[in-house]
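# Remarks on the overall topology
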Amino acid sequence: ALITDMDVPLGNCIGNSLEVWEAAMTLQGRGPEDLTVLCTELAARMVRMAGEEPLSICQERVRQAFADGSAFETLLDMVEAHGGDRRVLEDPDKMEKAPYTMEVKAPAAGRILHMDTHQCGMAACLLGAGRERKEDKIDYSAGIVLKRKTGCKIEKGETLAILHTSRKELLEGAAQRFLEAVTIGEGEIERKPLILAEVDDKTVKWY
């Protein structure tokens, strides 16, 4: 198991179809750096558990699978085995898209000092990407695409994120919740590693 920094959003997408699209891009070597690194490290450890090769060789095998398309092809086979349509991932234009979008602008210049990941998720939930009550229907096209994340320097009016939803009336409330999740100020921030520690049997190795 890997203990990771959950205090910064992982990747750039929040929401069902948006995250599926981002995962597909990552398996083709075109995903966000942080998500690609974490997927590589997790997959490499699974490969190591299946054999006796050193971790460095397993990491290279995973990178090669991203680069040559075999990782993405495996995902397509999994989708097909579950009765899904692989063509939706092969052609992203076939994926369900939200009819309404809205750019969330930075209210001030400075640096993003912190992003409350739970509140970012709740903003996506307000757009329909999750359920507030058991009987609520999920909007699979709803969610958030992050344009700037923790540590980035920003200008006033710069786009921080793009909201996606099938219900236009949900945009303003979700935008407000998202802005409440973002702390903008001056100064530097402590850069934490993406992977904080590794758990192997009964040993915890902190990085």
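Above this text is the structure in question.
The following refers to the structure shown. Since we're looking at a predicted model, the values are computed, not measured.

### Notes on the packing of helix H2 (residues 33-49) against helix H3 (residues 55-68)
Contact geometry for H2 and H3: axes closest at 8 Å, N-to-C directions at 120°. In terms of orientation, H2 lies oblique with respect to H3. Crossing of H2 against H3: the hand is right-handed. Contacts from Thr36, Cys39, Thr40, Glu41, Ala43, Ala44, Arg45, Val47 and Arg48 of H2 reach H3 at Leu55, Cys58, Gln59, Arg61, Val62, Arg63 and Phe66. Residues of the contact of H2 with H3, tallied by class, amount to eight nonpolar, three polar and five charged.

### Some remarks on the environment of Leu113
Inspection of the secondary structure assignment puts Leu113 in strand E4 (residues 110-115). Beyond its immediate sequence surroundings of up to four residues, Leu113 is in contact with Thr150, Thr183, Gly185, Glu186, Gly187 and Ile189.

### Let's talk about the nonpolar core
Among the nonpolar cores identified, the biggest contains 23 residues, and Met115, Leu127, Ile144, Leu146, Leu163 and Phe178 are the most heavily contacted of them. If you list the elements that add at least two residues to this core, you get E4, helix H6 (117-129), strand E5 (143-146), strand E7 (159-165) and helix H7 (171-181). Ranked by size, the runner-up nonpolar core spans seven residues in total, among them Val62, Ala65, Phe66 and Ala71.

### Quick notes on a nonpolar patch on the surface
Together, Ile3, Val204 and Trp206 give the surface a local cluster of nonpolar side chains, amounting to about 300 Å² of exposed area. In this structure Trp206 comes out as exposed when scored by relative accessible area, which is 58%.

What counts and what doesn't
- Residues numbered from 1 in each chain as written.
- Predicted model: local features only at pLDDT ≥ 70, side-chain atom pairs only at ≥ 80, totals over all residues.
- Heavy atoms only, no water.
- Axes fitted to C-alpha atoms, helices over the stretch in contact; angles between N-to-C directions.
- Helix = DSSP H or I, 4+ residues; strand = E, 2+ residues; numbered from the N terminus.
- Parallel < 35°, antiparallel > 145°, perpendicular 65-115°, else oblique.
- Left-handed = near helix turned anticlockwise from the far one by under 90°.
- Contact = heavy atoms within 4.5 Å.
- Nonpolar A, V, L, I, M, F, W, Y, C, P; charged D, E, K, R; others polar.
- Core = buried A, V, L, I, M, F, W, Y, C linked by side-chain atoms within 4.5 Å.
- Buried < 20%, exposed > 50% of the residue type's maximum accessible area, 1.4 Å probe, protein only.
- Patch = residues over 30% accessible without salt bridge, like charges linked within 9 Å, V, L, I, M, F, W, Y side chains within 5 Å.
- Areas by Shrake-Rupley, 256 points an atom, 1.4 Å probe, with all protein chains shown as cover.
- Salt bridge = Lys/Arg side-chain N within 4 Å of Asp/Glu carboxyl O.

Function-wise, these values are silent; they only describe arrangement.
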